[in-house]
Amino acid sequence: MQPMRNIPARGGLNFDETPFLAIWEVTQSCDLACKHCRAAAQPLAHPDELTTAEGKALIDQIAEMRVPIFVFTGGDPLKRKDVFELVRYAADQGVKVAVTPSATPLLTREAMFRFKDAGLVRLGISLDGSTPLIHDAFRGLPGAWARTIQAIEWANEAGIPIQVHTTISRHNVHDLDNLCALFEKLAIVMWNVFFLVPVGRGQITDLLSGEEFEQVFGKIYELSQRVSFQIKTTEAMHYRRYLIQHNLEERRLGHGHPHGARRTEYEAGAAKDRSASVGYEAGAPTADAQTRNANWTTRRVNDGKGFLFVSHIGNVYPSGFLPIFAGNIRQQPLAEIYRNAPIFKALRNTTRLEGKCGACEFKEICGGSRARAYALTGDPLAQEPCCIYQPKNWDPELESQAEAYRQPIQQVDLVTL
């Protein structure tokens with residue numbers, strides 16, 4: 001069967017050719033010791049991390065590919081002395097750069113204004129609890145909460161839009177209402193709710209169950225109706241399915257679609273098409289329905305599908321949480337890796353999805369977390385482990401039978417995909 005070609009997203013972006021979001025891990029060096037850290041960051045920089053010249057060459061490739069959003073992450077980007085130079089260079093090339101620094105003594109008011117002067121378009125910062133007790137325990141450094149609050153205030157002073165990242169796990173799932181109340185006071189523009197993938201220091205014991213995912217989805221939906229900022233989810237692709245189902249149910253009950261989840265990432269740009277669920281009532285989404293709703297810019301983004309990650313030494317992966325090597329920018333152009341690497345092509349081909357995800361009528365807009373599937377099964381195409389939805393065309397009895405015979409895809413096998 002031939003792979004399905006991705007329908008262009010808003011602005012004609014074709015995920016087979018160009019990612020919507022690219023992330024560069026500019027360094028693994030960081031002074032924090034966060035419990036969930038994907039990178040297992042350490043204080044000292046890797047001796048082979050990309051040089052300033054190589055970083056600029058990467059930025060040139062991002063500009064040539066016309067990637068809408070480019071994020072500098074880490075580790076802590078401020079551990080690189082050339083980070084301001086790199087941000088300025090990107091801005092000069094027309095690349096929109098966001099930076100996600102750590103809340104350490106390096107994140108000063110002066111640094112914030114230097115970011116602004118260099119052309120930074122957004123600052124992302126992590127806040128995992130409404131109180132120092134919750135956040136500092138998670139980040140592994142006393143005073144991290146206070147530094148984070150101060151950094152947000154400095155960013156507002158400098159005129160840099162703020163996006164706050166929160167990793168949801170068992171340690172803070174009870175704190176969402178209090179977090180939102182705090183965010184309202186801090187004047188942020190977006191809340192990125194990240195659902196744990198157990199890699200790096202992330203522990204599987206902190207991972208929520210499928211039922212708990214649904215409960216958090218309900219809470220996010222409720223909060224999105226009354227907050228002043230947008231809400232985005234990461235590694236919770238099935239929230240898109242939840243949102244469609246919920247909106248359909250509201251319409252069937254005659255409640256219309258007045259406010260529900262209007263400020264989530266999936267509907268922030270849908271003011272001209274409030275019937276966001278059109279085409280899904282009958283089951284499988286149609287191409288026409290997808291085209292009509294293509295202004296949901298990030299709706300179809302998934303690991304390797306509209307998304308790529310470049311490590312501190314130039315290795316390219318489908319995401320930072322899906323560590324399957326696709327190539328290195330020191331040996332191959334980034335565009336060639338993204339478009340042609342077997343793992344990227346496999347992840348963009350929804351006919352390759354297994355289990356419930358392969359049978360699901362929502363797979364074109366969801367597809368499940370490929371990173372979480374890989375972390376828990378060793379197979380990046382396995383079904384989403386934390387989704388309880390039963391697709392219309394899926395026989396529950398087949399689930400256990402398929403699991404018994406399914407063999408995890410090993411990295412060495414990906415060359416044949």
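Think of each chain on its own: its residues are numbered from 1, step by step along the sequence as written. Owing to the predicted nature of the model, reporting of local features is limited to residues with pLDDT of at least 70; listing and counting of side-chain atom pairs is limited to 80 or more, with chain, interface and lining totals taken over all residues. Water and hydrogen atoms play no part in the side-chain values, which are based on all heavy atoms of the structure.

A. Here's a closer look at the pairing of strand S4 (residues 122-126). Looking at chain direction, strand S3 (residues 97-99) and S4 are connected through 2 bridges and run parallel. Looking at S4, one finds that Ala98 is bridged to Arg122. Place the viewer so that the strands point away; then a crossover is right-handed whenever the path from the first strand over the helix to the second strand goes clockwise. Secondary structure elements are defined from DSSP: runs of H or I of at least 4 residues count as helices, runs of E of at least 2 residues count as strands, and each element is numbered from the N terminus. Traced from S3 through helix H3 (residues 109-118) to S4, the parallel crossover comes out right-handed. Note on pairing: DSSP must find at least two bridges between two strands before they are called paired. As paired elements, S4 and strand S5 (residues 162-168) share 4 bridges and run parallel to each other. The residue bridging Gly124 from the neighbouring strand is Gln163, located in S5.

B. Region of interest: the pattern of salt bridges. Salt bridge, as used here: a side-chain nitrogen of Lys or Arg that lies within 4 Å of a carboxyl oxygen of Asp or Glu. Throughout the structure, instances matching the rule amount to 17 salt bridges. In this structure, Arg170 engages Glu212 in a salt bridge whose closest nitrogen and oxygen atoms are separated by 2.9 Å. With a gap of 42 residues between them, Arg170 in the loop between S5 and helix H6 (176-186) and Glu212 in helix H7 (residues 210-224) connect regions that are remote in the sequence. Exposure classes here rest on a 1.4 Å probe applied to the protein chains alone. A residue is buried below 20% of its type maximum, exposed above 50%, and partly exposed in between. Here Arg170 falls in the partly exposed class, since its relative accessible area comes to 40%. Assessed through its relative accessible area of 23%, Glu212 is described here as partly exposed. Between Lys219 and Asp177 there is a salt bridge whose closest N-O contact spans 2.9 Å. With Lys219 in helix H7 and Asp177 in helix H6, this residue pair connects regions lying 42 residues apart in the sequence. One salt-bridge network, in which partners are shared between bridges, spans Asp177, Lys219, Glu222 and Arg226.

C. Focus on the environment of Tyr221. Assignment of secondary structure puts Tyr221 in helix H7. In sequence terms Tyr221 and Ile231 are 10 residues apart; their C-alpha atoms lie 9.1 Å from each other.

D. Expanded view of the pairing of strand S6 (residues 190-195). For S6, the buried fraction is high: 6 of the 6 residues fall into the buried class. The two faces of S6 match: Met190, Asn192 and Phe194 on one face and Trp191, Val193 and Phe195 on the other face are all buried. Two strands pair when backbone bridges link them, and S5 and S6 are joined in this way by 6 bridges, in the parallel orientation. The partner of Val164 across the bridge, within S6, is Trp191. Read as a crossover between parallel neighbours, the route from S5 over H6 to S6 is right-handed. Note: S6 against strand S7 (residues 230-234), 5 bridges, orientation parallel. When the sheet's bridge partners are listed, Asn192 is paired in S7 with Lys232.

As far as function goes, none of this settles anything; it's purely spatial.
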